[in-house]
Amino acid sequence: MEEVNLSMTLGRMQRQQIKELCTSYALMFSATPGLTERAYHSIDTGNAHLIKVQPYRVSPQAKTGIEWEIQDMLQMGVIRPSRSAWASPVVLVPKPDGEICFCMDYHKLNAVTRPDNYPMPLTDELLEKLGQAEFISTLDLTKGYWQVPLDESSKERSAFTTHVGLYEFNVLPFGLRNAPATFQRLVDGLLAGLGEYAVAYLDDVAIFSDSWAEQLEHLQKVFECIREAGLTVKAKKCQIGLNRVTYLRHQVGQGNINPLQAKVDAIQKWPDPKSKKQVQSFLGLSGYYRLFVPQYSQIAAPLIDLTKKKQPNAVQWTEECQKAFNQLKATLMSDPILRAPDFDKPFLVTTDVSERGVGAVLMQEGPDQEFHPVVFLSKKLSERESNWSVSEKECYTIVYALEKLRPYVWGQHFHLQTDHAALEWLHTTMGNNKKLIRWSLALQDFDFDIQHISGASNKVADALSREKFPESTG
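Remember, it's a predicted structure, so these values are computed and weren't measured experimentally.

Turning to the overall build of the protein chain, a few remarks are in order. Helix and strand content of the protein chain: 17 helices and 18 strands. In the protein chain, buried positions account for 52% of the 474 residues. Sequence-distant contacts in the protein chain: of pairs separated by 6 or more residues, those separated by 24 or more amount to 76%. When the accessible area of the protein chain is evaluated, it comes to approximately 22600 Å², of which 49% is carbon and sulfur surface.

Here we have 5 strands laid out as an open sheet, ordered β1-β10-β5-β9-β8, and mixed in their pairing. Sheet topology places β1 (5-6) and β8 (198-201) at the edges, where each strand pairs with a single neighbour. The pairing of strand β5 (residues 135-140) with strand β10 (residues 239-242) spans 2 bridges and is antiparallel. Within the sheet, the bridge partner assigned to Ile136 lies in β10 and is Leu242.

Here 3 bridges tie strand β2 (residues 79-81) to strand β7 (residues 165-169), and the two strands are oriented antiparallel to one another. Paired with Ile79 across the two strands is Phe169, which belongs to β7. As paired elements, strand β6 (residues 160-162) and β7 share 3 bridges and run antiparallel to each other. The residue of β7 that forms the bridge with Phe160 is Tyr167.

One pass over the full model with this rule turns up 18 aromatic pairs. Plain terms: the ring middles of Trp270 and Phe282 are 5.4 Å apart, the flat faces sit at 70 degrees to each other, and that makes the pair edge-to-face. Note that Trp270 is positioned in the loop between α8 (262-268) and α9 (276-288) and Phe282 in helix α9, a separation of 12 residues in sequence. Across the pair, Phe282 and Trp270 agree in class, each one buried. Counting every residue linked through ring pairs, the aromatic cluster contains Tyr145, Trp146, Phe174 and Phe183. Above the face of the Trp146 ring, Lys143 is positioned so that its terminal group lies 5.3 Å from the ring centre.

Before going further, it helps to examine the nonpolar core. Membership of the largest hydrophobic core comes to 115 residues, with the highest contact counts inside it found for Phe29, Leu139, Phe169, Val222 and Tyr247. Not counting residues within four places of it along the chain, the set of residues in contact with Phe169 comprises Met73, Val78, Ile79, Met104, Tyr106, Trp146, Leu150, Lys155, Ser158 and Phe160. Leu283, Tyr296, Cys321 and Ala324 belong to the second largest nonpolar core, which has 22 residues in total.

What follows covers the sheet that holds strand β14 (residues 348-353). Taking strand neighbours across the sheet as the criterion, the 5 strands line up as β16-β15-β14-β17-β18 in an open arrangement whose pairing is mixed. In the strand order of this sheet, the two ends are held by β16 (371-380) and β18 (447-452), each with one partner. Going across the sheet, the axis of each strand differs from the next one's by a mean of 20 degrees, ignoring polarity. As judged from the 6 bridges shared by strand β17 (residues 413-418) and β18, these two strands associate in the parallel manner. Its bridge partner lying in β18, Gln417 is registered against Gln451. Packed on one face of the sheet, helix α13 (residues 390-404) meets β14, β15 (357-365), β16, β17 and β18 and runs near 140 degrees to β14.

A few words on the pairing of β14. Along β14, 6 of the 6 residues are buried, which leaves the element largely enclosed by surrounding structure. Where β14 meets β15, 6 bridges bridge the pair, whose relative direction is antiparallel. Across the sheet, residue Thr351 finds its bridge partner in β15, namely Ala360. Linking β14 to β15, which pair antiparallel, is a turn of 3 residues. Of the pairings in the sheet, the one linking β14 to β17 comprises 3 bridges and is parallel in character. Each bridged residue has a counterpart across the sheet, and for Val349 the counterpart in β17 is Leu416.

Procedures and definitions
Note on numbering: residues in each chain are counted from 1, in written sequence order. Local features in a predicted model are, by the rule used here, given only for residues with pLDDT of at least 70; side-chain atom pairs are given and counted only at 80 or more, and totals for whole chains, interfaces and linings are based on all residues. Note that the side-chain values use all heavy atoms of the structure and ignore hydrogens as well as water. Numbering of helices and strands starts at the N terminus; helices are DSSP runs of H or I of at least 4 residues and strands are runs of E of at least 2. Only protein chains enter the calculation, and the probe is 1.4 Å; a residue is then buried if its accessible area is under 20% of its type maximum, exposed if over 50%, and partly exposed in between. It only takes one pair of heavy atoms within 4.5 Å for two residues to be counted as in contact. A 1.4 Å probe and the Shrake-Rupley method give the accessible areas. Residues count as covered only by the protein chains that appear here. Paired strands are those between which DSSP finds at least two bridges. Ring geometry is summarised as follows: Phe, Tyr and Trp rings, the Trp one being its six-membered ring, pair when their centres sit within 6.5 Å, and such pairs are stacked at plane angles under 30 degrees, edge-to-face over 60 and tilted between the two. Working rule: Lys NZ or Arg CZ, within 6 Å of ring centre, within 35 degrees of ring normal, means a charge sits over the ring. Residues enter a nonpolar core if they are buried and are Ala, Val, Leu, Ile, Met, Phe, Trp, Tyr or Cys, with the set joined through side-chain atoms within 4.5 Å. To get an axis, a line is fitted to the C-alpha atoms, and for a helix only the part in contact is used. The angle between two axes follows their N-to-C directions and goes from 0 to 180 degrees.

Here it is, written out as structure tokens:
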């Protein structure tokens, strides 16, 4: 078996104990996915008409890649030849490491699939459990979804079409609606009764303990549950015996929980305005939350004066202006404006793009029935990105925002305020464009409805997208 990654702070005896424990569960550590009998996945399309999409045109090199992937999955028993009337297309997406990711474009099938509203864990509760631990280990289940079988009636709906024939999945494929709910239900049942020292968010399992003796005991109990369920773990992605780990995009351990820094980076890095237009942009953002800022008009007065018609475009930045600017920035990053997320309530994501950058804000309705920001995001567009079409930049903004906000919105339904036309354009024009295909697949992972919002009403995201930040904030 491959060796797991051990903390460099562990002593010689501790490292030997972990190696002996892992050796006793050697069959559990495998690059080949297991197959559990504890769960199955069903694709419920009700009375919907069947979905049949023709395969996308691909290059000769891509055809070779598809053939290799199909043979590999056939050998593992992940897929089988199909005679289904259903069909979704295949897309090959290049990974950053140069490998090719074999994916299904299920967005039309997902559109007619009934939702499974099984709740995802509350991120803040998981982090609070880990935060005080002295020792933390994380496990990554091998190709997690592929370890869950599809029920027989759903296999035909999973069918995908290629230049070498039609195939269907025996196991849960990536990209299906409700896949997160099915997998979370599985791991919740797997760790039932172990909640005092083990948690899981989908295929990311964490074991946390106050002492080394407890860590060994807890690891053995979790290993036993995983083995009994017929699941496998990818050794090289495991981290054993750490004092601090990165979990759900937070640094946790030894009494500390450091949140996603991007939630305030966009405000912290806001540069001093140099022009009247830049002052107006900042006032647009801060003014949106003026209801929560006592004496907002008095604080902002020096900045408001800079925007008057008689004032030149190049502003005269005084010490008084700097004081007002700093005070408003500090207010935007503190209560009562910035709120901690409540995972029992729906989120609202708004996005906007300008010629120079993209902006987004994650919001949630508070007890006062007003929407408060949870996370601010912004990113300066590169020269290449700035040359994209307006529709491409709008779609990229959505993908960028949702990937950054994944720990908050993935696995639950949320609202997205944007230009609906951008997503319609994406699905109708992606064709053989690898970039657009990759974006379309990325959005399959999220469950949201779209609310159209005009530019005039989208002041916060608009302001974030227009500022010239010195570097990317996400």
